[in-house]
Amino acid sequence: MPLSMEIRGRSFPVDERPRPGRRPIRSPEPKPGLNQPPVHCEWNCEGAPIWAGQHRTRTTSSLPITVLLHAIGALVVHGCESVPVDGVCDHLRVHVVVVGAGVSGLSTARLLLAGGHEVTLVSGDPLRQTTSHLAAAVWFPTAAGPADAVARWSASAYEVLVRAAADGVPGVCMRESLVLYREEADVLPPLPSWAEAVGEVRLARPDELPPGYPHGLRFVVPLVEMPTYLPHLYDSVVHNGAQHVQRRLGALDQALDLRPDVVVNAAGLTAGALAGDNTTFPVRGQILRVVNPGLSLSVRDEHHPGGRAYVHPRTQDCILGGTLEVGVWDTTPDADETAAILKRCADIAPALAGAQLIESIVGLRPGRREIRLEVDESLLAVPVVHNYGHGGSGVTVGWGCAADAAALVDSLADASNE
Ligand SMILES: Cc1cc2nc3c(=O)[nH]c(=O)nc-3n(C[C@H](O)[C@H](O)[C@H](O)COP(=O)(O)OP(=O)(O)OC[C@H]3O[C@@H](n4cnc5c(N)ncnc54)[C@H](O)[C@@H]3O)c2cc1C
């Protein structure tokens, strides 16, 4: 039976996803308890996010997906996190060392655990020092490629986050949003590529536009408060059986003493260096946290003459951004830039005039021309599944990439059983 996943009526063949090689997994030494007979697991064999989109057509009010998934017994609640699963399949259980405990590593680890694998998480930094922790983190594809894969991963992740918001997962909510354009009506750009995943996008009414903006688009997207969500995701991973080793690796082979069958490389900006890949680069982002003057609408102008401008209200504060500086490593906030961000954000959300600054923050997005999501069998004595280079979209594509990374591990496990 041909396998496909359907999102809002569009069918995505699963064989579009990258496939690992068919070589058996090589382990430096057999590890007791690993390479056991196949275990019963509940994650879809293909790893495709089939939970998403099949049962709903759009946005926040789609509680029925949860109800339906419960009804067919396809929703498994592990601890405090609901994880989408579909069907039953048999896998060889393998031991996976996941390097990185940002959103990429944790979401991949979470799906591997749901698939019955043994997971050891390795990370060098506390959660609050990861890039993921400081991210804005609004669903909106930014500075990541390739475009077609990013669209697919983003669409999958959108559905997961919509459901997380409906389920009341801590830190996840749906946010009314407005993208502003300075162009007149006759030169309005075509509907952006992300609009398909979002579903309902409408023209903003004139009374919804700030001064100087003739046009805007209104839509709803997930917003994730990472200081709440990331610890929640971490707890879910540990609660479901992952071991956590705090260790900074100088190279990926320093994880081999943990006796993995597979290593997942999800080390963010450092992942390239760990893998001998010199095509990664930082994309510096300076953002501000201010006291929320009562805003509830996310607003952005990607083409503000002073630089990108975005405003994302959260529960306890409001994130204002921000810069996107390719190749810049400096993590010291720039005072002039702080003032400039405040000014241009007040242009797009006038209620921010005189907003009280809490702090200026700089983060380095893990840049790469294209997200690297593939099996690498040349690096170590065991296969490596790379999942890095998410640029400004790590949250936006996170669950979509994690599903593909987990599927690659499943395929490797299956291949080793042949
Ligand atoms: C200002 C700013 C705003 C952003 N806004 C958004 C947004 O609105 N939406 C969105 O989708 N994305 C946004 N992003 C991008 C997003 O934050 C990143 O794409 C995402 O966090 C990358 O996640 P990651 O898990 O790959 O990496 P990270 O979060 O950086 O995690 C890397 C992990 O690897 C570990 N590690 C690294 N090196 C080693 C080593 N040598 N040994 C052991 N462990 C190691 C670290 O300890 C950490 O646990 C933003 C980024 C910035 C900077």
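Presented here is an overview of the structure given in this document. Predicted model, so just to flag it, every value in this text is computed and none were measured. (Residues numbered from 1 in each chain as written. Predicted model: local features only at pLDDT ≥ 70, side-chain atom pairs only at ≥ 80, totals over all residues. Heavy atoms only, no water.)

1. Some remarks on the overall build of the protein chain
Item 1. A tally of regular secondary structure across the protein chain gives nine helices and 21 strands.
Item 2. Counting only residues that meet the buried cut, the protein chain has 56% of its 418 residues in that class.
Item 3. Intrachain contacts of the protein chain at a sequence separation of at least 6 include 78% that bridge at least 24 residues.
Item 4. Taken as a whole, the protein chain presents about 16,500 Å² of accessible surface, with 52% of it coming from carbon and sulfur. (Helix = DSSP H or I, 4+ residues; strand = E, 2+ residues; numbered from the N terminus. Buried < 20%, exposed > 50% of the residue type's maximum accessible area, 1.4 Å probe, protein only. Contact = heavy atoms within 4.5 Å. Areas by Shrake-Rupley, 256 points an atom, 1.4 Å probe, with all protein chains shown as cover.)

2. Comments concerning the site of the ligand
Item 1. Close to the ligand lie 36 residues; Ser-104, Asp-125, Ser-132, Gly-391 and Thr-396 are nearest.
Item 2. In the environment of the ligand, an oxygen atom lies 2.8 Å from a nitrogen or oxygen atom belonging to the side chain of Ser-104.
Item 3. Considering the ligand on its own, with 1,000 Å² of exposed area, one finds that the protein chains cover 97% of that surface.
Item 4. At the level of secondary structure, the elements contributing two or more residues to the shell around the ligand comprise α2 (103–114), α3 (131–134), β14 (280–290), β19 (357–368) and α9 (394–416). (Near = heavy atom within 4 Å. Polar contact = N/O pair within 3.5 Å; in protein donor to acceptor, adjacent residues only side chain to side chain.)

3. Re α2
Item 1. When the terminal C-alpha atoms of α2 are compared, their 16 Å separation across 12 residues agrees well with the 16 Å that a helix rising 1.5 Å per residue should span.
Item 2. The set of residues buried in α2 consists of Val-103, Ser-104, Gly-105, Leu-106, Ser-107, Thr-108, Ala-109, Arg-110, Leu-111, Leu-112, Leu-113 and Ala-114.
Item 3. Positioned one or two residues after α2, Gly-116 has a phi angle of 90 degrees, which is positive. (Expected span 1.5 Å × (residues − 1).)

4. Some remarks on the nonpolar core
Item 1. Counting 70 residues, the largest nonpolar core has Leu-106, Tyr-229 and Val-385 as the members making the most contacts within it.
Item 2. The biggest single contributor to this core is α9, with 12 residues.
Item 3. Residues within four places of Leu-106 in sequence aside, it is in contact with Gly-100, Ala-101, Leu-121, Leu-127, Leu-230, Leu-233, Tyr-234 and Val-237.
Item 4. The next biggest cluster of nonpolar side chains, apart from the first, holds 19 residues, and it includes Ala-309, Leu-320, Ile-341 and Leu-352. (Core = buried A, V, L, I, M, F, W, Y, C linked by side-chain atoms within 4.5 Å.)

5. Here we look at the pattern of salt bridges
Item 1. One pass over the structure, following the stated rule, counts 21 salt bridges.
Item 2. Notably, a salt bridge pairs Arg-152 with Asp-404, separated by 3.3 Å at the nearest N-O pair. Taken together, the residues span a long stretch of sequence, with Arg-152 in helix α4 (residues 147–167) and Asp-404 in helix α9 at a distance of 252 residues. For the residue pair Arg-152 and Asp-404, the accessibility class agrees, reading buried in each case.
Item 3. Across the salt bridge formed by Arg-289 and Glu-359, the nearest N and O atoms sit 2.8 Å from each other. Residue Arg-289 is located in strand β14, and its partner Glu-359 is located in strand β19; the two are separated by 70 residues in the primary sequence.
Item 4. The class of Glu-359 is partly exposed, set by a relative accessible area of 35%.
Item 5. A cluster of three or more residues bridged by salt bridges with shared partners is formed by Glu-176, Arg-202, Arg-205, Asp-207, Glu-208 and Arg-218. (Salt bridge = Lys/Arg side-chain N within 4 Å of Asp/Glu carboxyl O.)

6. Quick notes on the packing of α2 against helix α6 (residues 226–239)
Item 1. Closest axis-to-axis distance for the α2/α6 pair is 9 Å, and the angle between their directions is 35 degrees. α2 and α6 meet at a crossing whose hand is left-handed. Across from Val-103, Leu-106, Ser-107, Ala-109, Arg-110 and Leu-113 in α2, the residues of α6 making contact are Met-226, Leu-230, Leu-233, Tyr-234, Ser-236 and Val-237.
Item 2. Of the residues assigned to the contact of α2 with α6, the class counts are nine nonpolar, two polar and one charged. (Axes fitted to C-alpha atoms, helices over the stretch in contact; angles between N-to-C directions. Left-handed = near helix turned anticlockwise from the far one by under 90°. Nonpolar A, V, L, I, M, F, W, Y, C, P; charged D, E, K, R; others polar.)

7. Focus: α4
Item 1. Between its first and last C-alpha, α4 extends 30 Å over 21 residues, near the 30 Å set by a 1.5 Å rise per residue.
Item 2. Burial runs high along α4: 16 of the 21 residues are buried.
Item 3. Gly-168 occupies a position one or two residues after α4 and carries a positive phi of about 75 degrees.

8. Digging into the side chain of Arg-368
Item 1. Mapped onto the fold, Arg-368 is located in strand β19.
Item 2. In this structure the side chain of Arg-368 is engaged in a polar contact, spanning 2.9 Å, whose partner is the side chain of Asp-277.
Item 3. A polar atom in the side chain of Arg-368 sits 3.3 Å from the side chain of Thr-279.
Item 4. Residues within four places of Arg-368 in sequence aside, it is in contact with Asp-277, Thr-279, Thr-280, Phe-281, Tyr-388 and Gly-389.

9. Some details on the side chain of His-95
Item 1. For His-95, the location among the structural elements is in strand β7 (residues 95–99).
Item 2. Of the residues examined, His-95 reaches a relative accessible area of 0% and is grouped as buried.
Item 3. Of note is the side chain of His-95, whose polar atom sits 3.4 Å from the backbone oxygen of Leu-258.
Item 4. Reaching out from His-95, the side chain makes a polar contact with the backbone oxygen of Arg-259 at a distance of 2.9 Å.

10. What about the environment of Val-94?
Item 1. Take Val-94: it is sitting in the loop between β6 (89–91) and β7.
Item 2. Separated by 18 residues in sequence, Val-94 and Leu-112 have C-alpha atoms that sit 9.6 Å apart.

11. Some details on the packing of aromatic side chains
Item 1. Inspection of the entire model under this criterion finds three aromatic pairs.
Item 2. Taken together, a centroid distance of 5.0 Å and an interplanar angle of 85 degrees make the contact between Trp-139 and Tyr-158 edge-to-face. Residue Trp-139 is found in the loop between α3 and α4, and its partner Tyr-158 is found in helix α4; the two are separated by 19 residues along the sequence. Here Trp-139 matches Tyr-158 in class, with each residue buried.
Item 3. Ring centres 4.6 Å apart and planes at 50 degrees place the aromatic pair Trp-194 and Phe-219 in the tilted group. Linking Trp-194 in the loop between β9 (172–181) and α5 (195–198) with Phe-219 in strand β11 (residues 215–224), this pair joins segments that are 25 residues apart in sequence. Comparing Trp-194 with Phe-219, the two get one shared label, buried.
Item 4. Counting every residue linked through ring pairs, the aromatic cluster contains Phe-140, Trp-194 and Phe-219.
Item 5. We note Arg-300 situated over the ring of Phe-140; from NZ or CZ to the ring centre the distance is 3.7 Å. (Phe/Tyr/Trp six-rings, centres within 6.5 Å; stacked < 30°, edge-to-face > 60°. Lys NZ or Arg CZ within 6 Å of the ring centre and 35° of its normal.)

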